[in-house]
Amino acid sequence: MSSSTIIQTHHLTRQAVVYIRQSTPKQVQLNQESTRRQYQLADQAHTWGWPQPLIKVIDEDLGLSGTSSHQRVGFQKQNTTNNLGEDGLVLVTQVSRLSRLNSDWHRVIELCAVFDTLIADDDGLYDPREPNDRLLLGLKGTLFAAELHLLQARMRTNLLNKARRGELALRLPVGYRRLHDETVILEPNERVRQVLAILFEQFNQLKSARAVQRYFYEHQ
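Cut-offs and rules
- Here, residues in each chain are numbered from 1, in the same order as that chain's written sequence.
- Where local features are concerned, this predicted model is filtered to residues with pLDDT of at least 70; where side-chain atom pairs are given and counted, the filter is 80 or more; whole-chain, interface and lining totals use all residues.
- Values shown for side chains rest on all heavy atoms present in the structure; no hydrogens or waters enter the calculation.
- A run of H or I in DSSP counts as a helix once it spans at least four residues, and a run of E counts as a strand once it spans at least two, with each numbered from the N terminus.
- Values of the radius of gyration come from C-alpha atoms, whereas the globule rule sets the reference at 2.2 Å times the count of residues to the power 0.38.
- Relative accessibility under 20% of the residue-type maximum defines a buried residue, over 50% an exposed one, and the middle range a partly exposed one, all with a 1.4 Å probe and only protein chains included.
- Should any heavy atoms of two residues lie within 4.5 Å, those residues are counted as being in contact.
- Surface accessibility follows the Shrake-Rupley procedure with a 1.4 Å probe radius. Residue values consider only the protein chains on display as shielding.
- Neither His nor the chain termini are counted; the positive set is Lys and Arg, and the negative set is Asp and Glu.
- Here the site of a charge means atom NZ of a Lys, CZ of an Arg, CG of an Asp or CD of a Glu.
- Only the six-membered ring of Trp is used, alongside the rings of Phe and Tyr, when aromatic pairs are assigned; centres must lie within 6.5 Å, and planes under 30 degrees apart are stacked while those over 60 apart are edge-to-face, with the rest tilted.
- The criterion for a charge sitting over a ring is simple: Lys NZ or Arg CZ within 6 Å of the ring centre, and within 35 degrees of the ring normal.
- Basic side-chain nitrogens of Lys or Arg form a salt bridge, by our definition, when they fall within 4 Å of a carboxyl oxygen of Asp or Glu.
- Here, a strand pair is defined by DSSP locating no fewer than two bridges between the strands.
- Angles shown run from 0 to 180 degrees and are taken between the N-to-C directions of axes, each axis being a line fitted to C-alpha atoms and, for helices, limited to the stretch in contact.

**Comments concerning the overall build of the protein chain**
Stage number 1. Secondary structure assignment for the protein chain yields 10 helices and seven strands.
Stage number 2. In terms of C-alpha radius of gyration, the protein chain reaches 25 Å, well past the compact-globule figure of 17 Å for 220 residues.
Stage number 3. In terms of overall dimensions, the protein chain has C-alpha extents of about 70 × 45 × 30 Å along its principal axes.
Stage number 4. Within the protein chain, the proportion of its 220 residues that are buried is 34%.
Stage number 5. If you take every contact in the protein chain between residues at least 6 apart in sequence, the share linking residues at least 24 apart comes to 61%.
Stage number 6. When the accessible surface of the protein chain is split by element, carbon and sulfur atoms take 54% of a total near 13800 Å².
Stage number 7. Separation between the mean location of the 27 positive side-chain charges and that of the 24 negative ones in the protein chain comes to 7 Å.

Dropping the structure here:
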């Protein structure tokens, strides 16, 4: 169906929500074209008939992974406004922007169907109340979740291969330094070594991290 068939008058009286997310701060910094393209979805909502005052951009989740919804304030905000019946449309470049968890994504589809909220991505416009659209949205979410699993498995395999070759360099704990030739030595700064020695001595005596913290605070 075309956008003119799917979008009804009552949709245009509610807000169009543009949800923006990138998984890491590094992506936000280096892949600015993706961020720019997500912001441009507001123009698409306006082209479809939404007035500017009813177009809402949610970008609090820039730099946060889609594998969890608990820390994503923007995602929670989008769910809240939708559940109050305030949203007529949710726009994302890919459904994975909203979530890479099947449970979260299918919950979004379900609630959008209940409150008659349309969903749009780069591929088209969907009405979650329609069985075919609902099926397609569900399949998209499943594919993105599977893609994430494959990426994680590939990363684990690469790390294991590097470890087998003895080339896996993990971040060292405080008190150690890695030289240019990959040799690991104790921290050359004597003051740092002294403080670490005090920390372990106090923990050995006090048996509590909170007590050690209090000791450092009292002794400045």
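**Quick word on the packing of aromatic side chains**
Stage number 1. Evaluated as defined, the whole model comprises two aromatic pairs.
Stage number 2. Between the aromatic rings of Tyr19 and Phe75, the centroid separation amounts to 6.5 Å while the plane-to-plane angle is 75°, which identifies the pairing as edge-to-face. A residue pair is termed long-range when its members are at least 10 positions apart, and Tyr19 in strand β1 (residues 15–22) and Phe75 in helix α6 (residues 73–83) qualify at 56 residues.
Stage number 3. With a relative accessible area of 0%, Tyr19 lands in the buried category.
Stage number 4. Overall, Phe75 belongs to the buried group, its relative accessible area being 2%.
Stage number 5. When the ring of Tyr215 is compared with that of Phe216, the centres are 5.9 Å apart and the planes differ by 85°; the resulting orientation is edge-to-face.
Stage number 6. Tyr215 sits in the partly exposed class, given a relative accessible area of 22%.
Stage number 7. Taking the ring centre of Phe75 as reference, the NZ or CZ of Arg72 above it sits at 4.4 Å.

**Some remarks on the side chain of Asp104**
Stage number 1. Among the structural elements, Asp104 can be located in helix α7 (residues 102–114).
Stage number 2. One buried charged residue, Asp104, remains without a salt bridge, the closest side chain of opposite sign being Arg72 at 4.6 Å.

**Comments concerning the sheet that holds β1**
Stage number 1. One open sheet holds the five strands; their spatial order is β2-β1-β3-β4-β5, and the pairing between them is mixed. The open sheet is flanked by β2 (55–62) and β5 (124–126), the only strands paired with a single partner. Recorded for the sheet is a direction-independent mean angle of 20° between the axes of neighbouring strands.
Stage number 2. In terms of strand pairing, β1 meets strand β3 (residues 87–91) through four bridges, oriented parallel. By the bridge assignment, Gln15 is partnered in β3 with Asp87.
Stage number 3. Along the sheet, helix α4 (residues 32–39) makes contact with β1 and β2, crossing β1 at roughly 170°.

**Regarding the environment of Ile58**
Stage number 1. Along the chain, Ile58 turns up in strand β2.
Stage number 2. Of the residues examined, Ile58 reaches a relative accessible area of 1% and is grouped as buried.
Stage number 3. Among all residues touching Ile58, those that are not within four sequence positions of it are Val17, Val18, Tyr19, Ile20, Gly74, Lys77 and Gln78.

Read these as layout, nothing more, since geometry by itself doesn't imply function.
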